[in-house]
Amino acid sequence: MENLIIKKTTMPKERPREIKSFGTIFTDHILVMDYTKNNGWDNMRIEPYGSIALDPSACALHYGQGVFEGLKAYKTKNGDIQLFRPLDNFLRLNRSCAKVCIPQLDANMLLDGLEQLVKLEKDWIPEEEGTSLYIRPYIIATEAFLGVRPAVEYKLLIILSPVGAYYPEGLKPVKILVEENYVRAVRGGLGEAKTMANYAASLLAAEEAKKKGFSQVLWLDGVERKYVEEVGTMNIFFKINGKVSTPALNGSILQGITRDSVIQVLQKWEIPVEERKITIDEIVAASKNGTLEEIFGTGTAAVISPVGKMAYGNELLSIEDYDDESLSIKLYNFLTGIQYGTVQDDFNWIKRI
Ligand SMILES: *Cc1c(COP(=O)(O)O)cnc(C)c1O
């Protein structure tokens, strides 16, 4: 792209030597783009990181018309920079936009802009094992008005945040609580889109679960509270009797890119995998009759997150024996291997920049 304006910072920040928390450190530059009624999406540019001016009546602040994405840039041992399926993130961004009446973007142009931003900030990508540069594209409705209708002005931003290893002490199985009171999303709602509102809807349940000693909640369907949907902000998989199952996309489940990658890898490995309706009772029964082998979440942040304990009412399911032979660990090693360039990418998922 020729016409991307880059305004460089005159005050580069000091780069951290070590990163302890997620999403608190940001790089020197951001990518910005505006949407106006007359010009559509226009004026893509790179600017120094800093506060953005918003009218107090900007409608995203009132009615939550906003969407986001999350992906990562990885540095390989040779110093190459790699993105994992980035176009899929921008295509999903467009699907999320459609759900909340935000005008569509040119996904390829966005990817082009992102590559220029990451190149400019390449020295911010940490190099230690398991670390990466988290990429957060998002869009907010900026038009100043209080009527309830889709805005006619928007801002897209991409911010970058160096992040530490998700598992500094090795993959540790998490403890999750099956949520019986609150629901995250319902079919026909926004559940399958990455909208800001979904996250607001998930906070209270997550806080209450944390107080009880669980790291995530497992969401059931919003109508019957019977079918498994997702875990926290990850998709979920069960391995029962050698067969892998994940909830079928039904409109209220987010279409995770890691989820899709896991399905493709399992198919390649010729391990039976199916997308279907899964009841929570079936999981409890499989645990009782000894056929429940593994549970794991999938998402960009953790890649694979094995579940060690799952509480549902008075039941406490336990899967403690994860080791290098476990499917979840093999999937973790394989996918992170592709991301960091140590495993050959036969799927064509890597975009090197
Ligand atoms: C982002 C997200 C996921 C995971 O998607 P990935 O593309 O794999 O990172 C799963 N569930 C929810 C609710 C999400 O927002």
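Criteria and cut-off values
Residues numbered from 1 in each chain as written. Predicted model: local features only at pLDDT ≥ 70, side-chain atom pairs only at ≥ 80, totals over all residues. Heavy atoms only, no water. Axes fitted to C-alpha atoms, helices over the stretch in contact; angles between N-to-C directions. Helix = DSSP H or I, 4+ residues; strand = E, 2+ residues; numbered from the N terminus. Parallel < 35°, antiparallel > 145°, perpendicular 65-115°, else oblique. Left-handed = near helix turned anticlockwise from the far one by under 90°. Contact = heavy atoms within 4.5 Å. Expected span 1.5 Å × (residues − 1). Buried < 20%, exposed > 50% of the residue type's maximum accessible area, 1.4 Å probe, protein only. Domains from an automatic or database assignment. Buried area = accessible area lost by both parts, 1.4 Å probe. Salt bridge = Lys/Arg side-chain N within 4 Å of Asp/Glu carboxyl O. Polar contact = N/O pair within 3.5 Å; in protein donor to acceptor, adjacent residues only side chain to side chain. Near = heavy atom within 4 Å. Areas by Shrake-Rupley, 256 points an atom, 1.4 Å probe, with all protein chains shown as cover. Nonpolar A, V, L, I, M, F, W, Y, C, P; charged D, E, K, R; others polar. Core = buried A, V, L, I, M, F, W, Y, C linked by side-chain atoms within 4.5 Å. Phe/Tyr/Trp six-rings, centres within 6.5 Å; stacked < 30°, edge-to-face > 60°. Lys NZ or Arg CZ within 6 Å of the ring centre and 35° of its normal.

K.L.:
A description of the packing of helix H2 (residues 86–99) against helix H3 (residues 107–120) should follow, citing residues and the corresponding values.
P.N.:
At a minimum axis distance of 9 Å, the contact between H2 and H3 shows a crossing angle of 130°. Comparing their axes, H3 and H2 come out oblique. Between H2 and H3 the crossing geometry is right-handed. In this structure, H2 uses Pro-86, Leu-87, Phe-90, Leu-91, Leu-93 and Asn-94 to contact H3, whose residues at the interface are Ala-107, Asn-108, Leu-110, Leu-111 and Leu-114.

K.L.:
Break down helix H7 (residues 327–339) for me, citing the residues and quoting the values.
P.N.:
For H7, built from 13 residues, the straight-helix expectation of 18 Å at 1.5 Å per residue is met to within 8% by its first-to-last C-alpha distance of 18 Å. Most of H7 sits out of view: 11 of its 13 residues are buried. The complete set of buried residues in H7 reads Leu-327, Ser-328, Ile-329, Leu-331, Tyr-332, Phe-334, Leu-335, Thr-336, Gly-337, Ile-338 and Gln-339. Just downstream of H7 lies Gly-341, where phi reads positive at about 80°.

K.L.:
Go over the domain arrangement of the protein, please, and point to the residues and values.
P.N.:
In terms of domain boundaries, the protein breaks down into domain 1 (5–163) and domain 2 (174–342). Taken together, the two surfaces of domain 1 and domain 2 that pack against each other cover about 2200 Å², and 59% of this comes from carbon and sulfur. Summed over the shared surface of domain 1 and domain 2, the number is 2 salt bridges. Across the salt bridge formed by Glu-192 and Lys-99, the nearest N and O atoms sit 3.0 Å from each other. Seen at the junction of domain 1 and domain 2, the total is 16 residue pairs in polar contact (both at pLDDT 80 or more). With 6 residues, the single largest contributor to the side of domain 1 that touches domain 2 is H2.

K.L.:
If you had to explain the site of the ligand to someone new, which residues and values would you point to?
P.N.:
Residues in close proximity to the ligand total 14 residues, the closest being Lys-194, Tyr-199, Glu-230, Thr-258 and Thr-300. One of the side-chain N or O atoms of Lys-194 is found 2.7 Å from an oxygen atom in the ligand. Thr-300 has a polar side-chain atom sitting 2.6 Å from an oxygen atom of the ligand. Taken by itself the ligand offers 380 Å² of open surface, and the protein chains cover 96% of this. Residue composition of the shell around the ligand, grouped by class: 4 nonpolar, 6 polar and 4 charged.

K.L.:
Explain the nonpolar core to me, and be specific about the residues and the numbers.
P.N.:
Most often, soluble globular proteins keep nonpolar side chains buried together rather than apart. The biggest cluster of nonpolar side chains holds 49 residues, and the ones touching the most others in it are Leu-218, Phe-238, Leu-292, Ile-295 and Met-310. The element that contributes the greatest number of residues to this core is H7, accounting for 7 residues. Not counting residues within four places of it along the chain, the set of residues in contact with Phe-238 comprises Leu-218, Val-228, Lys-243, Val-244, Ser-245, Ile-278, Ile-283, Leu-292, Glu-294 and Ile-295. Residues Met-33, Phe-90, Ile-102 and Ile-135 belong to the second largest nonpolar core, which totals 46 residues.

K.L.:
I'd like a description of the packing of helix H5 (residues 257–268) against H7, backed by residues and values.
P.N.:
For the pair H5 and H7, interaxial distance at closest approach is 11 Å and the crossing angle is 105°. Compared by their axis directions, H5 and H7 come out roughly perpendicular. Each of Thr-258, Ser-261, Val-262, Val-265 and Leu-266 in H5 lies in contact with H7, whose residues at this interface are Leu-327, Leu-331, Phe-334 and Leu-335. Of the residues that constitute the contact of H5 with H7, the class distribution is 7 nonpolar, 2 polar and no charged.

K.L.:
Can you explain the pattern of salt bridges? Please cite residues and give values.
P.N.:
Oppositely charged side chains are able to pair whenever their charged atoms sit close together. Throughout the structure, instances matching the rule amount to 23 salt bridges. For the salt bridge of Glu-127 with Lys-75, the shortest nitrogen-to-oxygen distance reads 3.4 Å. Pair noted here: Glu-127 is in the loop between H3 and strand E7 (132–141) and Lys-75 is in strand E5 (residues 71–75), with a separation of 52 residues, a long-range link. When its relative accessible area of 12% is taken as the criterion, Lys-75 is described as buried. Ionic contacts of the salt-bridge type, sharing partners, join the residues Asp-34, Arg-45, Glu-47 and Lys-155 into one network.

K.L.:
Tell me about the packing of aromatic side chains, residues and numbers included.
P.N.:
Within this structure, the stated rule accounts for 12 aromatic pairs. Judged by centre distance (5.0 Å) and plane angle (75°), the ring pair of Tyr-74 and Tyr-340 falls under edge-to-face. Highlighted residues: Tyr-74 in strand E5 and Tyr-340 in the loop between H7 and strand E18 (350–352), separated in sequence by 266 residues. The class of Tyr-74 is buried, set by a relative accessible area of 3%. Judged by its relative accessible area of 16%, Tyr-340 falls in the buried class. A centroid spacing of 4.1 Å and a plane angle of 10° characterise the contact between Phe-347 and Trp-349, whose relative ring orientation is stacked. A relative accessible area of 6% means that Trp-349 is categorised as buried. Positioned above the aromatic ring of Phe-347 is the side chain of Lys-268, whose terminal nitrogen or guanidinium carbon lies 5.2 Å from the ring centre. Sitting over the face of the ring of Tyr-227, Lys-277 holds its NZ or CZ atom 4.5 Å from the ring centroid.

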